[in-house]
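Survey of secondary and tertiary structure
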Amino acid sequence: RYIGLITGAETSTENSIALYPNPALNDFHVFIRSSRSVPSQINMFNVQGELVYHTTLDAGNHEAIINVDGLATGVYQVNVSNDKEIFTKKIIVLP
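Sequence order as written defines the numbering, with residues in each chain counted from 1. Confidence filtering applies because this is a predicted model: local features only for residues at pLDDT of at least 70, side-chain atom pairs given and counted only at 80 or more, and all residues used for totals across whole chains, interfaces and linings. Calculation of side-chain values draws on the structure's entire complement of heavy atoms; hydrogens and water are dropped beforehand.

Moving on: the sheet that holds strand E1 (residues 16–20). Sheets are built from strands paired through backbone hydrogen bonds, the pairs being either parallel or antiparallel. Note on pairing: DSSP must find at least two bridges between two strands before they are called paired. Under the DSSP-based scheme used, a helix requires at least four consecutive residues in state H or I and a strand at least two consecutive residues in state E, with every element numbered from the N terminus. The three strands lie next to each other as E1-E2-E5, forming an open sheet whose pairing is antiparallel. The open sheet has two edge strands, E1 and strand E5 (63–67), and neither has a second partner. Strand-to-strand twist across the sheet, computed as the mean angle between neighbouring axes with direction ignored, equals 20°. Pairing of strand E2 (residues 27–33) with E5 involves five bridges; the strand directions are antiparallel. Its bridge partner lying in E5, Phe31 is registered against Glu63. Orientation is described by lines fitted to C-alpha atoms, with helices fitted over the stretch in contact, and by angles between N-to-C directions that extend from 0 to 180 degrees.

The residue Glu85 is located in the loop between strand E6 (74–81) and strand E7 (86–93) in this model. Residues in contact with Glu85, not counting those within four places in the same chain, are Asn15, Ser34, Arg36 and Val80. The criterion used for residue contact is that any of the two residues' heavy atoms lie within 4.5 Å.

Generally speaking, a soluble globular protein has its nonpolar side chains buried in company with each other. Core analysis: the largest hydrophobic core is formed by 18 residues, its most contacted members being Phe28, Val30, Ile42, Met44, Val78 and Ile91. At the level of elements, E1, E2, strand E3 (40–45), E5, E6 and E7 are the ones that each hand at least two residues to this core. Discounting residues that sit within four places of it in the chain, Phe28 has contacts with Leu19, Tyr20, Pro21, Met44, Ala64, Ile65, Ile66, Val68, Val78 and Ile91. Residue types Ala, Val, Leu, Ile, Met, Phe, Trp, Tyr and Cys, when buried and joined through side-chain atoms within 4.5 Å, form a set referred to as a nonpolar core. Partly exposed residues are those whose accessible area sits between 20% and 50% of the maximum for their type, while under 20% is buried and over 50% is exposed, using a 1.4 Å probe and protein chains only.

Laid out in structure tokens, this is it:
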């Protein structure tokens, strides 16, 4: 009989986001893994908390390409939200 180790942490890829490539030079992709087909908001913030990018994806659209030309080198927070979920990841922008 096998008993698995319980860690208290679960990782689910059913509903999540992926940012690639990371770090980003000119642009990066936001891919939304979701079983729901609803509009999504993508917001990108700098380390001061200022909104530097915003777009809305139509229902059924699960990918966006974000151009980072003109943004300062550094770490940014990307938030993807819809009517029931919020996902947050960090992206590094290089010169």
